[in-house]
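# Architecture and fold: a report
Given next are the chains, with one letter for each unit.
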Amino acid sequence: MQVPLVRLQCGVNSYDWGKKGEASAAAQFAAATPAADFAIQADRPYAELWMGTHPSNPSKDVATGRTLLDLVETNQALLAPSVVARYGKKLPFLFKVLSIHKALSIQAHPNKKLAEQLHARDPKNYPDDNHKPEMAIAITPFEGLCGFRPLNEIAHFLKSIPALRQLVGEDTAKAFAETVAKNDGNEADAAKAENKKALQAAFGALMASSESDVKTATEALVAAAGAGAEFADGGVASTSGATLAELVTRLHGQFGPDYGLFVLFFLNFVTLEPGEALFLCADDIHAYVSGDIIECMASSDNVVRAGLTPKFKDVETLVSMLTYNYAPIDEQKMNPTEYPYATLNRTAYSSSSESLLYDPPIDEFSVVRTALKEAGAKVTFDPLDGPSIIICTQGTGKISVGPTVQEIKAGYVYFVGATAELVLESEGDADNELVTFKAFCEVEDNSNGANL
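The present account deals with the structure reproduced in this document. None of the values given here were measured: they were computed from a predicted structure.

## Brief notes about the side chain of glutamate 433
- Along the polypeptide, glutamate 433 turns up in the loop between β27 (422-426) and β28 (434-440).
- No salt bridge forms around the buried glutamate 433; measuring N to O, its nearest opposite-charge neighbour arginine 369 is 4.7 Å away.
- Leave out the neighbours within four places in its chain, and glutamate 433 touches Ala371, Leu372, Lys373, Gln394 and Gly395.

See the structure below:
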């Protein structure tokens, strides 16, 4: 019978936006359990470490070389009958480490219905028929553009940045500002619907601009950003003029004239410190800008892009698919809670060690971040009726399931099978605490899969 604790070798993707060489957390973690032909190259960008069963980059059992997908297909008890019944013979989530030097594309991920349609129509650019809600947890300071800003902020930028207003169009910008002013403070459904319609019109007008118009407007925008703190009439409460000016200058240096330089005035600019998190629903617009994050998502590789990228763009689909929900960024941040199914020993408790749950409003995954802050600190996780993947991002210690005990340190990744009681113990001191992230799926069903 398969022991439900499997150390994994995970592949790292090299995309242009990744951090280079040893600066990339994704590369460092991949090197902890390297493939036979892997060595970190100083001038090569390393963007994403993939942990899971997705066929584009499946993880492998270090001991046997078998893919994790093959392992769970032939040992379905590792997944739990209820998980297999709902999601099939594979992990329902994809776990990643992202190391971001250059901004990722302006993008959104399709909902389930649209994903099926896009995959049927264009399987080359949309390789999966699944939706892709995702959660990002910072492991170093992070910057991103996530979700549409409050509409009065967008109206401010349309008024204070002539280059942006030029691309959107005077009439469309005026109509947007009038709608926002008329509905200010009105939370009625009809007012929200009218606001969303106006937002779609303004955003769609921007994205419909010709490349020559974007190039001309970019010259004016970059020149205006030279005003520094005075740029965009000093900015707005959530994003200062100085911050916006630096972003424009940086992104222009990375991509040259691009729609994304103007989209950033429609989106919330967010910064996260380690441990802070965001959840992005399917159809939510976003672009990660810099930093290292743990990312968990439904198992899909579908991306609809429209800027800040040399890759395939599908502007028409992006503009039509978005929800046009708008809100301050704090409404997209997640507040982790104490994980109730983890028991700390006395050393862990007295050293303020913790296990925190990030629990998004979807079924495919949740993540627990554990920090054991003293040598001998130990946490015992109750058995789950579903699979887990755990990665260590800092420190050294032991990981065990029953009598099976293995080493764990930064970059080590393990698969943990269903119904296994998992124990972690730190061997480091307060200056080298053991930090792990555990993604898991558990279907709430008492029929053992019979009713699904």
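## Observations concerning the sheet that holds strand β24 (residues 396-401)
- In space, the 5 strands of this open sheet follow the order β19-β22-β27-β24-β25, with antiparallel pairing throughout. Looking along the sheet, the strands with just one partner apiece sit at the ends: β19 (342-344) and β25 (404-409). On average, each strand axis in the sheet is tilted by 20 degrees relative to the strand beside it, whichever way the strands run.
- Relative to strand β22 (residues 378-381), β19 is paired through 3 bridges, and the arrangement is antiparallel. Its bridge partner lying in β22, alanine 342 is registered against phenylalanine 381.

## Examining the sheet that holds strand β21 (residues 366-372)
- With antiparallel pairing, the 8 strands of this open sheet are ordered in space as β6-β1-β26-β23-β28-β21-β20-β18. In this open sheet, the two edge strands, each paired with only one partner strand, are β6 (60-61) and β18 (337-338).
- In this structure, strand β1 (residues 5-9) lies alongside β6, joined through 2 bridges in antiparallel fashion. Along β6, the bridge assignment pairs glutamine 9 with lysine 60.

## Details of the pairing of strand β14 (residues 277-280)
- Residues Ala277 and Phe279 line one face of β14 and the alternating positions Leu278 and Leu280 line the opposite face, and both faces are buried.
- Here 2 bridges tie β14 to strand β17 (residues 333-334), and the two strands are oriented antiparallel to one another. Its bridge partner lying in β17, leucine 278 is registered against lysine 333.

## A word on the packing of helix α5 (residues 151-160) against helix α7 (residues 170-182)
- Two numbers describe how α5 lies on α7: the axes approach to 10 Å, and their chain directions differ by 145 degrees. The handedness of the crossing between α5 and α7 comes out as left-handed. Side by side, α5 and α7 meet where Leu151, Asn152, Ile154, Ala155 and Leu158 of the first sit next to Ala173, Phe176 and Val180 of the second.
- Counted by class, the contact of α5 with α7 contains 7 nonpolar, 1 polar and no charged residues.

## Some thoughts on the side chain of serine 160
- With respect to the element layout, serine 160 can be found in helix α5.
- We classify serine 160 as buried; its relative accessible area is 14%.
- Separated by 2.8 Å, the side chain of serine 160 and the backbone oxygen of histidine 156 make a polar contact.
- Apart from the residues lying within four places of it in its own chain, the contact partners of serine 160 are Arg165, Ala232 and Asp233.

## Focus: the environment of glutamate 48
- By secondary structure assignment, the location of glutamate 48 is in strand β5 (residues 48-51).
- Take glutamate 48: its relative accessible area is 7%, and that puts it in the buried class.
- For the pair glutamate 48 and glutamate 295, spaced 247 residues apart in sequence, the C-alpha to C-alpha distance is 9.6 Å.
- Ignoring any residue separated from it by four or fewer positions in sequence, one finds glutamate 48 in contact with Gly11, Val12, Asn13, Tyr15, Trp17, Ala26, Lys96, Val97 and Leu98.
- A distance of 3.3 Å separates the side chain of glutamate 48 from the side chain of lysine 96, its partner in a polar contact.

## Regarding α5
- Among the 10 residues in α5, 7 count as buried, and that is most of the element.
- Of the residues making up α5, those classed as buried are Leu151, Glu153, Ile154, Ala155, Phe157, Leu158 and Ser160.
- Against the buried residues of α5 lie α6 (162-168), α7, α8 (189-207), β11 (235-236) and α10 (241-255).

## Description of the environment of glycine 144
- As for its position among the elements, glycine 144 is in strand β10 (residues 142-148).
- Note on glycine 144: relative accessible area 0%, which makes it buried.
- Measuring from C-alpha to C-alpha, the distance between glycine 144 and alanine 287 comes to 5.8 Å, with 143 residues separating the pair along the chain.

## Some words on the pairing of β1
- The buried fraction of β1 is high, at 5 of 5 residues.
- Burial along β1 is two-sided: the residues Leu5, Arg7 and Gln9 and Val6 and Leu8 are all buried.
- Here 4 bridges tie β1 to strand β26 (residues 413-416), and the two strands are oriented antiparallel to one another. Bridge pairing in β26 links valine 6 to phenylalanine 415.

What counts as what
- Numbers given to residues run from 1 along each chain, matching the order in which its sequence is written.
- Reporting in this predicted model follows two pLDDT cut-offs: at least 70 for local features of residues, and 80 or more for side-chain atom pairs to be given and counted; totals over whole chains, interfaces and linings ignore these cut-offs and use all residues.
- Only hydrogens and water are removed before side-chain values are computed, so all heavy atoms of the structure are retained for them.
- By definition, any uninterrupted DSSP run of H or I lasting at least four residues is a helix, any uninterrupted run of E lasting at least two residues is a strand, and each is numbered from the N terminus.
- Only protein chains enter the accessibility calculation, which uses a 1.4 Å probe. A residue is then buried if its area is under 20% of the maximum for its type, exposed if over 50%, and partly exposed in between.
- Two residue types count as positive, namely Lys and Arg, and two as negative, namely Asp and Glu; His and chain ends fall outside the count.
- We define a salt bridge as a contact between a side-chain nitrogen of Lys or Arg and a carboxyl oxygen of Asp or Glu at a distance within 4 Å.
- In what follows, a contact means two residues having at least one pair of non-hydrogen atoms within 4.5 Å.
- One bridge is not enough; two strands pair if DSSP finds at least two bridges between them.
- Only the stretch in contact is used when fitting a helix axis, every axis being a line fitted to C-alpha atoms; angles between N-to-C directions are given from 0 to 180 degrees.
- Each helix crossing is assigned a hand: it is left-handed if the near helix lies turned anticlockwise from the far helix by less than a right angle, otherwise right-handed if that turn is clockwise.
- Gly is put with the polar residues, along with every residue not named as nonpolar or charged; the nonpolar set is Ala, Val, Leu, Ile, Met, Phe, Trp, Tyr, Cys and Pro, and the charged set is Asp, Glu, Lys and Arg.
- We call two N or O atoms a polar contact when they sit within 3.5 Å, provided that within protein one can donate a hydrogen and the other can accept it, with sequence-adjacent residues counted only if both atoms are side-chain atoms.

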